Amino acid sequence: MKRAGALLLAAVPVIATGVYFVLPTDSADAPVAPSAATAQSAREDAKDRAEEKRDAEERAEDDAVVAGLPAGLAAPGKKELAQRLVASAEHSTTDWRTTYGAIEDGGDGCGYTAGIIGFCTGTHDLLMLVESYTEDHPDNGLASYLPALREVDGSDSHEGLDPGFTAAWEAEAEVPAFREAQEAERDRIYFEPAVRLAKLDGLGTLGQFVYFDAMVFHGPDTDADGFYALRERTLKQAKTPAAGGSEKEYLNAFLDIRREAMLTRYPDRDTSRVDTAQRRFLEAGNLGLDTPLVWEMYGDHYRLP
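Throughout, a residue's number is its position along its own chain's written sequence, starting from 1. Confidence filtering applies because this is a predicted model: local features only for residues at pLDDT of at least 70, side-chain atom pairs given and counted only at 80 or more, and all residues used for totals across whole chains, interfaces and linings. Only heavy atoms go into the side-chain values, all of them from the structure, while hydrogens and water stay out.

Run through helix α8 (residues 227-235), naming residues and quoting values.
When we look at burial in α8, the residues that qualify are F227, A229, L230, R231 and T234. The secondary structure elements touched by the buried residues of α8 are α6 (176-200), α7 (205-218) and α9 (247-265). With a 1.4 Å probe rolled over the protein chains alone, any residue whose accessible area is under 20% of its type maximum counts as buried; one over 50% counts as exposed, and the rest are partly exposed. Strands here mean DSSP runs of E at least two residues long; helices mean DSSP runs of H or I at least four residues long; both are numbered from the N terminus. Should any heavy atoms of two residues lie within 4.5 Å, those residues are considered in contact.

If you want it as structure tokens, here you go:
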């Protein structure tokens, strides 16, 4: 995986206020008047509560919309297909279950890239995975590397990780619980948000995969070439099907913008995951991502019957 930037994390503003009370001089029993700071704090709190309520209502409405749609890429067979397609790009194999222990530094500025979806030491998702896993399994073989993982997060540094981290990852990848943890983080960070948003945008199974693969590669962040930024740029050029646009035109625009972002960051890198895979499915009109599928990745040929 060759993502840019760190993961997009929600931040809750904390408002610090100074409070003082003015006591009237004519009566010790008179009511205490609230200060300007107190009144401002109350207004801010009310505004925050109102925004939280609106957000919750919008999420509930979106949940209802998604629940009423076909399973699409979330159907077990299609989800398996999606993992095979991503594995061909991330690991040059369609047997994604052989990649739990994969780990290497691809020289892309993201540090070590590891596991089934390419968790990176430099892009926060590998750190989140190990932290979450350690909460449930404190004696695991990666827990001792947490201080180093926190230090190198956001960089390509190996400080504190070499020489033992890669061997520890490979060993832990033999543990069923760690394999389950990798799959859970893949779904939580990448698969489920991508499929949900694609459905809300009115995209079919292919479009849902296009979002998923883009989120894996570019990261779920708002950097210039992060997934959400790419989507915002696409919306300026084409309407989503949910907004009355053509699905094929929208996806073509998204893939154009994504390809440009890939080449901007990595001018010498192969873009076949767009050119000879997703674009090929789109040009064939295979919006349902139906098999058989034939594609090429980095010069290798693949076929799923």
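Hey, could you go over empty space enclosed by the protein for me, with residue numbers and the actual values?
Buried and open spaces are told apart on a 1 Å grid over the protein atoms alone, a cavity being a set of points where a 1.4 Å probe fits but cannot get out and a pocket being an open set with protein on both sides within 12 Å along at least five of seven lines. Residues with an atom within 4 Å of a point are the lining residues. Grid points are joined across faces, edges and corners, and a volume is the space filled by probe spheres set on the points. Applying the stated criterion across every chain yields a total of one cavity of 30 Å³ or more. Its boundaries defined by the atoms lining it, the largest cavity holds a volume of some 40 Å³. In this structure, the largest cavity is lined by L85, V86, A89, F209, D213, R273, A277, Q278 and M297. Any residue outside Ala, Val, Leu, Ile, Met, Phe, Trp, Tyr, Cys, Pro, Asp, Glu, Lys and Arg is labelled polar, Gly included; the first ten of those are nonpolar and the last four are charged. Among the residues making up the lining of the largest cavity, the classes are represented as six nonpolar, one polar and two charged.

Which residues make up the side chain of T234, and what are the values?
When you line up the elements, T234 lands in helix α8. When sequence neighbours within four positions are dropped, the list of residues in contact with T234 reads Y250, A253, F254 and I257.

Outline the pairing of strand β4 (residues 293-297), listing residues and values.
Residues L293, W295 and M297 line the buried face of β4, whereas the alternating positions V294 and E296 sit on a face that is not buried. Pairs of strands are assigned from DSSP output, requiring at least two bridges between the strands. Sheet topology note: the β4/strand β5 (residues 300-304) ladder contains five bridges and is antiparallel. Each bridged residue has a counterpart across the sheet, and for V294 the counterpart in β5 is R303. Counting the residues between successive antiparallel strands, the hairpin from β4 to β5 contains two residues, one of them, Y298, with a positive phi of roughly 55 degrees.

Just give me the short version of the packing of aromatic side chains, but keep the residues and values in it.
Aromatic contacts are taken between Phe, Tyr and Trp rings whose centres are within 6.5 Å, Trp giving its six-membered ring; a plane angle under 30 degrees counts as stacked, one over 60 as edge-to-face, and the others as tilted. Following the criterion strictly, the structure yields 15 aromatic pairs and no others. Centre to centre, the rings of F165 and W169 are 6.3 Å apart; their planes meet at 55 degrees, and the pair counts as tilted. Remark: W169 and F165 occur in helix α5 (residues 165-172); sequence separation between them is four residues, near one turn of the helix. We classify W169 as buried; its relative accessible area is 0%.

Let's hear about the environment of G164: which residues, and what values?
Examined against the element boundaries, G164 turns out to sit in the loop between α4 (146-152) and α5. What makes G164 partly exposed here is its relative accessible area of 23%. For G164 and Y145, which are 19 residues apart along the polypeptide, the C-alpha to C-alpha distance reads 9.3 Å.

Give me unusual backbone geometry: which residues, what numbers.
For the bond from D162 to P163, the omega torsion is 5 degrees, close enough to zero to count as cis. With respect to the helices and strands, P163 occurs in the loop between α4 and α5. Here the residue pair T291 and P292 is connected by a cis peptide bond, since its omega of 5 degrees sits within 30 degrees of zero. For P292, the location among the structural elements is in the loop between α10 (272-283) and β4. In the Ramachandran plot, S92 falls in the positive-phi region, its phi being about 60 degrees despite a non-glycine side chain. By the secondary structure assignment, S92 is in the loop between α2 (76-90) and β1 (103-105).

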